[in-house]
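Observations on the three-dimensional arrangement
What follows is each chain in one-letter form.
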Amino acid sequence: MSVLHSDELRDDPKLEACATSPSGHLRVGTPPGPHILKIQLAIERLRPTGPSISAAEKSAMSYGPTTARAVLNYKTTHLPPIINFSYQRVPDDIVGQMTIVAMDAELLGSPLPTRDAVADRAHDASREALRLALSHLRLLRTDIDLLPASTDPAFSGALTALLFKHKRNIAVLAKRLLLTADPSSGPFRTSLDKVILLCERNLAQRKTILAAGTTGLCDPANPRNARGLPHAWTAASQPDPKTHLCEPFFTNDPLDLQRDVITHEYFHLQGLDDIAVNNTADALRNANTIAQVVAFVADRFRQSNSDGNERAVPPLPVP
Ligand SMILES: [Zn+2]
């Protein structure tokens with residue numbers, strides 16, 4: 001029966017031996033291996049401000065002096081300090097039975113977010129970004145509608161004020177949708193309407209995500225994944241959940257990119273595609289273009305896509 005239950009330490013025979021037998025204890029000189037790396041990563045997680053473990057020891061998965069110092073710090077800072085009073089009065093730098101059981105318990109008490117929780121958080125952040133972007137875009141639309149007629153002497157002053165008030169929103173729309181930055185023009189106003197409608201539909205989409213990892217549409221054996229897994233796959237034609245979040249989403253993507261992946265994938269459910277953009281009509285049919293409009297309008301200081309690409313030159317106006 002296994003003694004260790006945390007995701008980080010369980011199901012490892014050498015760590016189980018460490019938890020159950022003095023001959024399995026880990027110390028300087030113990031032969032290297034993945035079980036040592038698990039201890040190193042666990043200590044880093046539990047004592048993020050403790051003495052650092054050298055990159056060399058981690059890449060060699062070896063229990064060297066920096067690992068020993070981190071172990072000693074863990075045992076000293078644990079409440080109570082981890083001391084086997086049968087033979088010592090102060091902690092040592094060995095991972096024995098008491099130490100690994102204490103680490104396991106502490107890891108269980110602060111579990112990593114589950115994949116479902118990561119997916120839920122990204123989903124909620126995507127909804128929030130859409131709501132925020134919509135509030136900016138609807139206000140822009142209202143302000144355009146309130147412009148006096150172009151023949152009215154008040155027109156140019158009102159337009160100047162609108163251009164200033166909405167400088168970022170207008171710059172984002174013009175750049176991403178390949179429009180002239182004239183909000184009083186027909187094409188600008190029509191495109192703004194279309195973006196607002198797409199965002200409203202995206203926001204109205206019922207939740208349909210699966211933390212798939214390497215299952216479902218993200219199965220590496222699927223021929224369409226032959227060149228590697230994407231962030232996600234969406235198939236509008238299949239039963240819910242229609243958006244499958246693949247392994248790289250969980251292992252590589254920063255929080256804002258996870259958010260924008262959900263926004264992007266849900267635009268596929270509204271009929272948008274992944275296409276090259278050469279004109280405004282293309283832009284309004286491309287999922288990533290509209291997802292980036294949402295991100296750039298919601299994040300008032302953003303200058304590049306959440307995947308780091310397409311840095312704005314010159315910089316977009318802020319905020
Ligand atoms: Zn796509």
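Calculation notes
- Residues numbered from 1 in each chain as written.
- Predicted model: local features only at pLDDT ≥ 70, side-chain atom pairs only at ≥ 80, totals over all residues.
- Heavy atoms only, no water.
- Buried < 20%, exposed > 50% of the residue type's maximum accessible area, 1.4 Å probe, protein only.
- Helix = DSSP H or I, 4+ residues; strand = E, 2+ residues; numbered from the N terminus.
- Pairing = 2+ DSSP bridges.
- Salt bridge = Lys/Arg side-chain N within 4 Å of Asp/Glu carboxyl O.
- Expected span 1.5 Å × (residues − 1).
- Contact = heavy atoms within 4.5 Å.
- Disulfide = S-S within 2.5 Å.
- Domains from an automatic or database assignment.

1. Examining the pairing of strand S3 (residues 243-246)
Of the two faces of S3, the one holding Thr243 and Leu245 and the one holding His244 and Cys246 are both buried throughout. Sheet topology note: the strand S1 (residues 209-213)/S3 ladder contains 3 bridges and is parallel. Paired with Ile209 across the two strands is Thr243, which belongs to S3. With 3 bridges connecting them, strand S2 (residues 232-234) and S3 associate as antiparallel partners.

2. Observations concerning the pattern of salt bridges
Once their charged atoms are close, side chains differing in charge can pair, the charge on each being opposite to the other. Counted according to the given criterion, the structure contains 21 salt bridges. Close ionic contact of Lys207 with Asp120 constitutes a salt bridge, the shortest N to O distance being 2.8 Å. Of this pair, Lys207 sits in the loop between helix H9 (186-204) and S1 while Asp120 sits in helix H6 (residues 115-145), and the two are 87 residues apart along the sequence. Across the pair Arg141 and Asp193 runs a salt bridge whose closest N-O atoms are separated by 3.0 Å.

3. As for helix H4 (residues 65-77)
For H4, built from 13 residues, the straight-helix expectation of 18 Å at 1.5 Å per residue is met to within 8% by its first-to-last C-alpha distance of 18 Å. Of the residues making up H4, those classed as buried are Thr66, Thr67, Ala68, Ala70, Val71, Tyr74 and Lys75. On its buried face, H4 is in contact with helix H2 (34-46), helix H3 (55-60) and helix H5 (97-109).

4. Structural notes on the state of the cysteines
Covalent bonding between the sulfur atoms of two cysteines defines a disulfide. In total, this model carries 1 disulfide according to the counting rule given. Across a sulfur-sulfur distance of 2.0 Å, Cys218 and Cys246 are joined as a disulfide pair. Taking the sign of the torsion about the S-S bond as the criterion, the disulfide between Cys218 and Cys246, at about -75°, is left-handed. With a gap of 28 residues between them, Cys218 in the loop between S1 and S2 and Cys246 in strand S3 connect regions that are remote in the sequence.

5. Quick word on the domain arrangement of the protein
We note that the domain assignment places domain 1 (13-107) and domain 2 (113-319) within the protein. Relative placement of domain 1 and domain 2: their C-alpha centres are 46 Å apart.

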